[in-house]
Amino acid sequence: MATAEATKIDAKLVKELREKSGAPMGDCLKALQETKGNMEEAFVVLRKRGMASAAKKASRSTNEGAVGTYIHAGGKIGVLLELNCESDFVARTEDFQELLRDISMHIAAADPRYVSREEVTQADIDKEKEVYRAQAAASGKPANIIEKMLEGKMGKYFEEVCLLDQPFIKEQSQTVAQVIATKVGKLGENISVRRFARFKIGDPNATVAQIKTPEAPAEEAQA
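Computed from a predicted structure; not experimentally measured.

Run through the pattern of salt bridges, naming residues and quoting values.
Close approach of charged atoms allows side chains of opposite charge to pair. Taken as a whole and assessed by the stated rule, the structure comprises 10 salt bridges. In this structure, D88 engages R92 in a salt bridge whose closest nitrogen and oxygen atoms are separated by 2.9 Å. Note on D88: relative accessible area 38%, which makes it partly exposed. Across the pair E98 and K183 runs a salt bridge whose closest N-O atoms are separated by 2.9 Å. Placement of the pair is E98 in helix α7 (residues 94–110) and K183 in helix α10 (residues 176–187), with a sequence separation of 85 residues. Owing to a relative accessible area of 33%, E98 belongs among the partly exposed residues under this scheme. Taking relative accessible area as the criterion, K183 reaches 12% and is therefore assigned buried. Linked through salt bridges whose partners overlap, the residues forming this network are D95, E98, K183 and K186.

Report on the side chain of S87, specifying residues and quantitative values.
By the secondary structure assignment, S87 is in the loop between β2 (77–85) and α6 (88–91). Note on S87: relative accessible area 19%, which makes it buried. Within polar-contact distance, the side chain of S87 engages the backbone nitrogen of V90 at 3.2 Å. With sequence-adjacent residues up to four places away left out, S87 is seen in contact with E64 and E189.

Reading guide: rules and limits
In this numbering scheme, every chain counts its residues from 1 along its sequence in written order. Residues qualify for local features only when their pLDDT is at least 70, as the model is predicted, and side-chain atom pairs are given and counted only at 80 or more; totals for whole chains, interfaces and linings, by contrast, use all residues. Hydrogens and water are ignored here; the side-chain numbers use all heavy atoms of the structure. Only one rule defines a salt bridge in this text: a Lys or Arg side-chain nitrogen within 4 Å of an Asp or Glu carboxyl oxygen. Throughout, exposure labels follow a simple rule: accessible area from a 1.4 Å probe, protein chains only, divided by the maximum for the residue type, with under 20% read as buried, over 50% as exposed, and the rest as partly exposed. In this text, helices come from DSSP runs of H or I with a minimum length of four residues, and strands from runs of E with a minimum of two, each type numbered from the N-terminal end. N or O atoms closer than or at 3.5 Å make up a polar contact, with two conditions inside protein: a donor-capable atom paired with an acceptor-capable one, and, for residues adjacent in sequence, both atoms drawn from side chains. The contact definition used throughout considers only heavy atoms, calling two residues in contact when any of these lie within 4.5 Å.

Here it is, written out as structure tokens:
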């Protein structure tokens, strides 16, 4: 594993695999590292994980699906999740229902604040960057190094607060997005998390998160 992480990959190769598979840049880089830069083998890795096929289906609309619930810790934590797909047939399959349960359970345990990076408010991003800059400046690091450090810090921040970026609780080597992508590859339909709510006894600040979509502008989402 350490060898794979140490393998340096040319950015051009990552871009080429990205264009070929449609998978996210980060996943393309990991696949190339695991295969020591072998393009064809890396593409196979992405296919096995469902990333290549999932990316091609990502633009397809998901107007069907199901709402699932998960109650944890003796009724102390509850989650309500809307998971979407393309057809009612797939929504009723055991694979889809299993994914619905697993993601609901993950939300209960990991307490994400947003569905994806796109929903993180600029105010939250600016606040985190300000904290990280202050911490780095206190250590005496030069400005150019501080900015590079910020990228890594913000990546960690997104992993903490964004559902799709979080390591999946049942398989830490995969993110929630990768787990969904695997199901997309298996079921042959696009699958997306639309919204979720997480409630905890005694906590007045329930987490309610929803993706940004053209069909649901801010005014409508608040209604």
